[in-house]
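Observations on chain architecture
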Amino acid sequence: MPPPDGTLAAFAPLRFENGRYHLPLPAWNMRILTVADTAPAAQPAPREFRKIRLDWKLKKVERLRYSKDGITKYEKITEKRPLPPSGMYTGLEPEFSGSIELAASFESPQAFSGFLKFDDICSGGELFFNGVSAGMRAQPPWLWRVEVRRGTNRIVLNIKSTAGNEWKRCFREELEPAGYYNDYIKEIRTYENDFAECGAAPRLTLYC
């Protein structure tokens, strides 16, 4: 099992001010604290370097498919269409569940060790920065530690959606016509999937 990812701790370190500790903790995140005899040394906060708008290219699409026969599979989609400005593939196919691969690049006037943060990703993803995996994220903040090169930097983002859209389709088109029934059938017919999108906002911020 890999060690805990320390990116959030490095980006927003524990602070000791006026006799009190301050611990930034975004929703859905966890911090592991250890006891020490002395207060932690003050760490400088990363500063915003620049904001970038990416031109995403859709490289790969695999649609999740459930079946009343119990077979789950992924279907490769060969047609590549331009993404809408939101960066969400579900803007093209609203009932999509599955995985997509997005690629983009940006230029940097200097090299530095820092952080990259996306505005939004749905619903989780693995970032490859200049060909090297920077790790996976399943909840915000969509933040990675990266080594930025002077010149061209390449980003590949592998994203997986939730299965909610496909579950609704399978129920509507396969399970219900075949006579499958349970006590939640009324709720299933009408429920709204809160996490239905798949994609990534094309806006990111670099910190150094």
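Structure's up top.
Residue indices begin from 1 for each chain and proceed along its sequence in written order. Owing to the predicted nature of the model, reporting of local features is limited to residues with pLDDT of at least 70; listing and counting of side-chain atom pairs is limited to 80 or more, with chain, interface and lining totals taken over all residues. For the side-chain quantities, the full set of heavy atoms in the structure was used; hydrogens and water were omitted.

1. A short note on the pattern of salt bridges
For this document, the term salt bridge refers to a Lys or Arg side-chain nitrogen within 4 Å of an Asp or Glu carboxyl oxygen. Inspection of every chain in the model, using the stated rule, returns 13 salt bridges. The partner of Glu-48 in a salt bridge is Lys-51, with the nearest N and O atoms 3.9 Å apart. Across the pair Glu-166 and Arg-65 runs a salt bridge whose closest N-O atoms are separated by 2.8 Å. Of this pair, Glu-166 sits in helix α2 (residues 164-175) while Arg-65 sits in strand β4 (residues 57-65), placing them 101 residues apart in sequence. Sharing partners across several salt bridges, the network here consists of Arg-63, Arg-65, Glu-75, Glu-93, Glu-95, Glu-166, Arg-169, Arg-172, Glu-173 and Glu-174. In this text, helices come from DSSP runs of H or I with a minimum length of four residues, and strands from runs of E with a minimum of two, each type numbered from the N-terminal end.

2. As for α2
Here the term buried applies to any residue with accessible area under 20% of the maximum for its type, exposed to any over 50%, and partly exposed to those in between, with areas from a 1.4 Å probe on protein chains only. Those residues of α2 that fall on the buried side of the exposure criterion are Gly-164, Asn-165, Glu-166, Arg-169, Cys-170, Phe-171, Glu-174 and Leu-175. Should any heavy atoms of two residues lie within 4.5 Å, those residues are counted as being in contact. For α2, the elements touching its buried residues are β4 and α3 (185-190).

3. Some thoughts on a nonpolar patch on the surface
A surface patch of nonpolar side chains, amounting to about 270 Å² of accessible area, comprises Leu-23, Leu-25 and Leu-33. Note on placement: Leu-23 falls in the loop between β2 (20-22) and β3 (48-53). Residues form patches when they are more than 30% accessible in relative terms and have no salt bridge. Like charges link within 9 Å. Nonpolar side chains (Val, Leu, Ile, Met, Phe, Trp, Tyr) link within 5 Å. Per-residue and other accessible areas follow the Shrake-Rupley method at a 1.4 Å probe size, with only the shown protein chains counted as cover for residues.

4. Focus on the packing of aromatic side chains
The description of an aromatic ring pair uses the distance of the two centres, along with the angle that the planes make with each other. Between 30 and 60 degrees the pair is tilted, below 30 it is stacked and above 60 it is edge-to-face, where a pair is any two Phe, Tyr or Trp rings, Trp via its six-membered ring, whose centres lie within 6.5 Å. Under the counting rule described, the total for this entry stands at eight aromatic pairs. With 6.2 Å between their ring centres and 40° between their planes, Phe-106 and Phe-129 make a pair best called tilted. Of this pair, Phe-106 sits in strand β6 (residues 98-108) while Phe-129 sits in strand β9 (residues 124-129), placing them 23 residues apart in sequence. When sorted by exposure, Phe-106 lands in the same class as Phe-129, which is buried. Aromatic pair Trp-167 and Phe-171: ring centres 6.1 Å apart, planes at 50°, arrangement tilted. Within this pair, Trp-167 and its partner Phe-171 are both found in helix α2, separated by four residues, close to a single helical turn.

That's the geometry; what it means functionally is another story.
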